[in-house]
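Close look at the chain arrangement
Here are the chains, one letter per residue:
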Amino acid sequence: MSDIPEGTPKPEELATIGYEPPQQGWMDTPAGFKKGTWSYSAKRKFMEHLGLPNPRDWSPSDEDWKLPENWKEIILEGLRDRLDKFRSLRLFMDICVRCGACADKCHFFIGSGDPKNMPVLRAELLRSVYRNDFTTAGKILGSLGGARELTVDVLKEWFYYFYQCTECRRCSVYCPYGIDTAEITMLARELLNLVGLNIGWTIEPCSNCFRTGNHLGVQPHGFKDSIEFAVDDLEELTGIRVEAPINKKGAEILFITPSADYFASPHYYTLLGYLALFHEIGLDYTWSTYASEGGNFGLFTSHEMIKRLNAKMYAEAKRLGVKWILGGECGHMWRVVHQYMNTMNGPADFLEEPVSPITGTKFENTTSLKMVHIMEFTSDLIRNNKLKLDPSRNDHWRATFHDSCNPSRAMGLIEEPRYVINKVANNFHEMPENTIKEHTFCCGSGAGLGNDENMEMRLRGGFPRANAVKYVHDKHDVNLLLCICAIDKATLPPLVEYWVPGVEVGGIHELVGNALIMKGEKERTTDMRGEPLKGKEDKGDV
Amino acid sequence: MSAFYSISSSLIVVVGLCLLVLLGVGVADWHYPFGVVVPYVALVVFFVGIIYRVVTWARSPVPFRIPTTCGQQKSHPWIKANNLESPHNTFGVIGRMALEILFFRSLFRNTKAELRDGPKLVYGSDKWLWLAGLVFHWSFLIIVLRHLRFFLESSPIWVSLIETMDSLFEIGVPALYLTDGAILAAVTFLFLRRVIIPQMRYISLPADYFPLFLILGIGITGVLMRYLFRVDVAGVKELAMGLVSLRPTIPEGLGVTFYIHLFLVSVLLAYFPLSKLMHMGGVFLSPTRNLANTNRMSRHVNPWDYPVKVHTYEEYEDDFREKMRDAGLPLEKE
């Protein structure tokens, strides 16, 4: 079954990209709202549940967006407020010299050719209004000074293009002043939110997460069922029944991972890997139904929403009385955890400085936050020879690794995953150097844009990533794209199906689970997916 | 706004500025306003303006620590941390900022994406912008330092040394300054790049062309005075020293080229704090570059942090108590 909606242009059509900008200047060219390139609006009930401004039924395709009467005042006041609160914003509004170094660094520009997807111009959409209302030069010179008035068309343009940025931060790597479009997009979205311009794919997960603890709206009993289901599956695959404690007070470690891990595929195989690993090392840990989500779509909504949703992690750690928190494979979750959580919801003085109970390693880089990334944890286990591994059980895979935007550019988690991959698998090939590590390309669907109605834009935005996968697929016959991000695991499968058929997507702990030799396990004939291992094709059940 | 409009409006303004001096000094004999009043006003605007802008930036707090990491974090001792690209202490931050400010580290990463048949995306190294930017800024700095000889009673050794180095090849009489050629070439490149590359043309504003024309005008008049119209250097020094010592005098015989040069410099100074040229100060404050990637090691405090509405565990358990009990999950309140 194909994940690509009908009516999506064929790859040959999509890859014919015109980079020549239109004749007409950008200030006078309104946003096009072509089908397949924008996201549906947020539903009234979710807006109301979260207490967000201007809940109503509307669609971006409507002429009338049902804005509050004083919308312009609200936006300009909101902008003034944020200029006073965020040095980043004020600075990024002022110092861009439009050198253009960022232009062809954005996956959306490379994939669409739309000049307003050049990070510099995306920021100018906001900057032009800033100049008009907040700078002397702009007030005097008007359009000659690059200023323009905020109109409904400008607002619609903001909505279109700030929901065409995945906050991946690739442009900020190349900017000589470190101007970060993610920061500009986050704050522009906050402004849009003030007048009720939200997209469904961010607000529904936020609302679910607020109520049930996770994006998918899985209630506590459903969570328990999912984990138990996974325990059963793992027993079938390995012959070992593992413990998976839930809401257990006094456990040493609280484990938090994105909800997709226990509810979506191929995330699920990574979950099996976690369960196998934690059993094998005898980890005293617990899952939580209340903090049953690592991800945080607040990051794609507003700083306030980040804090509201993130508060659960520390609150639950405190309630359960654990020593520290372990976090699973996720991208934007780790942006929030690494760069915001300590400031927003810390200090975590009720937790202990994390020490691996298996190796005794003290995680020196997280003595204040007290949360450890699973790649840091597992790489330490392997380094200290605490795991018995048979990498040949991954020989049916020829893997490459997609650095997720946030772990690489907001954390610097680059070598840990590579170390683990090389220990659990024999066939690993890197994509070209301009497309990995800090240069990595986004999946094209982050920041709440991974919805089906936005598929054409996702395929365009994911094109640079897919093209690099194609390179190693053609050259090294790569058939597995590894990643450590739940959004990647959800959105890369249709992307590679479209651009590079013949490549699967998986998580690193799926491969850890495959390679891990467990005490008392039955002879493994299949991997975590139930696919026969190399050389065991005949022995499997037919 | 069309590129033609942006370019022509900027050019007209700069040419107009030159004409203003031609008329004012050449015809109307306003030496004092152009030689003394304008430079003083410009300097005041420059310094007050820059201070105002920097203070305005500094008054906005940095609520979150958001460095862009461009290298390996510090984690395990057996994984080599990259302290320059993902700094984990103050030394790293200083090193990273020094590389950025002195050598334009980030711009050095620049690549050019190209879509070929296949479809195949290739990323070629593209260092021209970095090179032109570096040459331009360093030349500008050296030229400014060289000009100190006009403002100091006796040239310090290092100013003379810079001069000697800059005219190392002793081409022509007077010896050609390398930076004169370099800055004109670099500015020309930066201008042509804006005009020729379609995307650059599309994003460029008058505010991008105007300073280029202005600097080009300053460079050209400077070169003309040294190599063609031969300005009276002693006279220039007399005027400069008069300005510095707050006893301004107008020496005889300084040609109109000099006054154009001085006026364009004054305009540049006064324009500086109002414009994107403030990137000079801003780069020091950029939170994605000047903060250490130590978020998990030490807590960053947000000065305007405020409590938010959360869904507490107690409320959550109230919502789902029956279902949790039925599923055998532990409860706080039965």
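Since the structure is predicted, the reported quantities are computational estimates derived from the model, not experimental observations.

**Some points on the overall build of chain A**
Regarding its fold elements, chain A presents 22 helices and 7 strands. Reported as C-alpha extents along the three principal axes, the dimensions of chain A are approximately 75 × 50 × 40 Å. In chain A, buried positions account for 63% of the 542 residues.

**Regarding the pairing of strand E1 (residues 111-116) of chain B**
All names here are of chain B. By the bridge criterion, 6 bridges tie E1 to strand E2 (residues 120-125) in an arrangement that is antiparallel. Directly across from Glu-114, in E2, lies its bridge partner Val-122. With antiparallel pairing between neighbouring strands as the criterion, E1 and E2 make up a hairpin whose turn holds 3 residues, including Gly-118 at a positive phi of roughly 145°.

**A closer look at the sheet that holds strand E5 (residues 399-402) of chain A**
Residue and element names in this part refer to chain A. Strand order in this open sheet of 3 strands is E5-E6-E7, and the pairing throughout is parallel. Only two strands of the sheet have a single neighbouring strand rather than two, namely E5 and strand E7 (504-507). Each adjacent strand pair in this sheet contributes to an overall mean axis angle of 35°, direction not counted. Here strand E6 (residues 480-483) runs beside E7; their pairing, made up of 4 bridges, is parallel. Within E7, the residue paired with Cys-483 across the bridge is Gly-507. Here helix H22 (residues 508-515) sits on the sheet in contact with E6 and E7, set at roughly 80° to E7.

**Concerning the interface of chain B and chain A**
The partner chain A presents 93 residues to the 82 residues of chain B that form the contact. Looking at the side of chain B that touches chain A, the elements that each hand over two or more residues are helix H4 (105-108), E1, E2, helix H9 (198-203), helix H10 (206-227), helix H13 (279-285) and helix H14 (313-326) of chain B. Ranked by residue count, the leading element in the side of chain B that touches chain A is H14 of chain B, at 6 residues. Class assignment of the residues belonging to the side of chain B that touches chain A gives a composition of 42 nonpolar, 27 polar and 13 charged.

**Regarding helix H5 (residues 128-146) of chain B**
Residues and elements named next belong to chain B. Compared with the 27 Å implied by 1.5 Å per residue over 19 residues, the 26 Å span of H5 between its first and last C-alpha is a close match. Looking at H5, one finds that the buried residues are Leu-129, Trp-130, Ala-132, Gly-133, Phe-136, Ser-139, Ile-142 and Arg-146. Against the buried residues of H5 lie H4, helix H6 (148-151), helix H7 (157-166) and helix H8 (178-196).

**Brief notes about the domain arrangement of chain A**
Residues and elements named next belong to chain A. Considered domain by domain, chain A is made up of domain 1 (11-30 + 53-197) and domain 2 (207-515). For domain 1 and domain 2, the distance between their C-alpha centres works out to 31 Å. If you look at the interface, domain 1 gives 19 residues, while domain 2 gives 24 residues. Secondary-structure elements contributing two or more residues to the side of domain 1 that touches domain 2 are helix H1 (11-14), helix H5 (107-112), helix H9 (170-174) and helix H10 (181-194). Here the side of domain 1 that touches domain 2 takes 5 residues from H5, the largest share from any one element.

**Looking at H8 of chain B**
Residues and elements named next belong to chain B. Given a rise of 1.5 Å per residue, 19 residues ought to cover 27 Å, and the 27 Å separating the end C-alpha atoms of H8 matches this to within 8%. Where H8 is concerned, the buried positions are Thr-179, Asp-180, Ala-182, Ile-183, Ala-186, Val-187, Leu-190 and Arg-194. Residues of H8 that are buried sit in contact with H5, H7, H9 and H10.

**Topic: the confidence of the model for chain B**
Overall, the predicted model of chain B reaches an average pLDDT of 95, with 100% of residues at or above 70. ipTM for the predicted complex: 0.95, alongside a pTM of 0.96.

**Description of the nonpolar core**
All names here are of chain A. Grouped together as the largest cluster of nonpolar side chains are 230 residues, with contacts concentrated most on Trp-158, Ile-421 and Val-496. Three or more residues apiece are contributed to this core by two domains, here domain 1 (11-30 + 53-197) and domain 2 (207-515). Apart from residues lying up to four places away in sequence, Trp-158 is in contact with Leu-125, Leu-126, Ala-188 and Leu-192.

**Looking at the environment of Trp-201 of chain A**
Residues and elements named next belong to chain A. Secondary-structure assignment places Trp-201 in helix H11 (residues 200-212). Its 22 C-beta neighbours within 10 Å are what place Trp-201 among the buried residues. For the pair Trp-201 and Tyr-40, spaced 161 residues apart in sequence, the C-alpha to C-alpha distance is 7.6 Å. Those residues in contact with Trp-201 that lie beyond four places of it in its chain are Ser-39, Gly-448, Gly-450 and Asn-451.

What counts, and where the lines are drawn
- The numbering scheme is per chain: residues are counted from 1 as the chain's sequence reads.
- By the order in which they are written, chains take letters starting at A while ligands take numbers starting at 1.
- Side-chain atom pairs in this predicted model are given and counted only at pLDDT of 80 or more, local residue features only at pLDDT of at least 70, and totals for whole chains, interfaces and linings cover all residues.
- Note on conventions: DSSP H or I runs of at least 4 residues are helices, E runs of at least 2 residues are strands, and numbering of each starts at the N terminus.
- To assign burial, the other C-beta atoms lying within 10 Å of each residue's own C-beta are counted, with C-beta atoms placed from the backbone; 20 or more indicates buried, 12 or fewer indicates exposed, and intermediate counts indicate partly exposed.
- For two strands to pair, DSSP has to find at least two bridges joining them.
- Angles run from 0 to 180 degrees between N-to-C directions of axes, and those axes are lines fitted to C-alpha atoms, restricted for helices to the stretch in contact.
- By definition, residue pairs are in contact when their C-beta atoms, positioned from the backbone, come within 7 Å.
- Under the convention adopted here, Pro, Cys and the residues Ala, Val, Leu, Ile, Met, Phe, Trp and Tyr are nonpolar, Asp, Glu, Lys and Arg are charged, and Gly plus all remaining residues are polar.
- A helix is expected to span 1.5 Å for every residue after the first.
- Boundaries of every domain are those given by an automatic assignment or by a domain database.
- pLDDT measures the predictor's confidence residue by residue and takes values from 0 up to 100.
- Each nonpolar core consists of buried Ala, Val, Leu, Ile, Met, Phe, Trp, Tyr and Cys residues. Their C-beta atoms, within 7 Å, join them into a set.

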